[in-house]
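Structure at a glance
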Amino acid sequence: QVQLVESGGGLVQPGGSLRLSCAASGFPFSSYIMAWHRQAPGKEREVVASITGAGVSTWVSDFARGRFTISRENVKNTLYLQMNALEPGDTALYYCQARQSEKTYWGQGIQVTVSS
């Protein structure tokens with residue numbers, strides 16, 4: 001079965017760093033575009049960053065550019081999001097997504113809280 005399991009979230013102070021991981025299984029990982037989305041309470045879900053199958057091309061949202069880096073290790077079927085210079089506005093539930101033309105899979109989400 002398909003599984004996307006996020007880890008690495010938690011509580012950090014403003015200016016701190018966190019690395020999220022998404023362990024994938026049950027599908028051909030390298031054939032899928034991977035992405036991180038996030039949703040804060042009372043807000044719509046938004047794309048944080050995405051990365052193509054081979055990891056050559058990436059896209060990062062304006063609010064994350066310069067602070068967040070998306071990467072993947074296909075041999076480990078794992079997606080990462082390195083988050084630096086975290087701000088209170090980054091507080092949200094972060095979701096791992098795998099997609100291709102026919103299918104889209106979602107993880108359950110992991111909480112990131114940035115607070116002093």
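Now for a look at the structure at hand.

Analysis parameters
Residues numbered from 1 in each chain as written. Predicted model: local features only at pLDDT ≥ 70, side-chain atom pairs only at ≥ 80, totals over all residues. Heavy atoms only, no water. Disulfide = S-S within 2.5 Å. Helix = DSSP H or I, 4+ residues; strand = E, 2+ residues; numbered from the N terminus. Buried < 20%, exposed > 50% of the residue type's maximum accessible area, 1.4 Å probe, protein only. Core = buried A, V, L, I, M, F, W, Y, C linked by side-chain atoms within 4.5 Å. Contact = heavy atoms within 4.5 Å. Salt bridge = Lys/Arg side-chain N within 4 Å of Asp/Glu carboxyl O.

Attention shifts here to the state of the cysteines. The tally for this structure, following the rule as stated, stands at one disulfide. In this model, C22 is linked to C96 through a disulfide, with the two sulfur atoms separated by 2.0 Å. Judged by the sign of its S-S torsion, about -75 degrees, the bond between C22 and C96 is left-handed. Linking C22 in strand 3 (residues 18–25) with C96 in strand 9 (residues 92–99), this pair joins segments that are 74 residues apart in sequence. Owing to a relative accessible area of 0%, C22 belongs among the buried residues under this scheme.

Looking now at the nonpolar core. Counting 30 residues, the largest nonpolar core has M34, W36, L81 and Y94 as the members making the most contacts within it. Secondary structure elements with two or more residues in this core: strand 3, strand 4 (33–39), strand 5 (46–51), strand 7 (68–73), strand 8 (78–83), strand 9 and strand 11 (110–114). Excluding its chain neighbours within four sequence positions, the residues that come into contact with L81 are L18, R19, L20, W36, V48, A49, F68, T69, I70 and Y94.

Take the pattern of salt bridges next. Overall, the coordinates contain five salt bridges when judged by the stated rule. With a shortest N-O distance of 2.9 Å, E46 and R38 are connected by a salt bridge. We classify E46 as partly exposed; its relative accessible area is 32%. According to the relative accessible area criterion, R38 is buried, its value standing at 7%. A salt bridge links R38 to D90; the nearest nitrogen and oxygen atoms lie 2.9 Å apart. With R38 in strand 4 and D90 in the loop between strand 8 and strand 9, the pair connects residues that are 52 residues apart, well separated along the chain.

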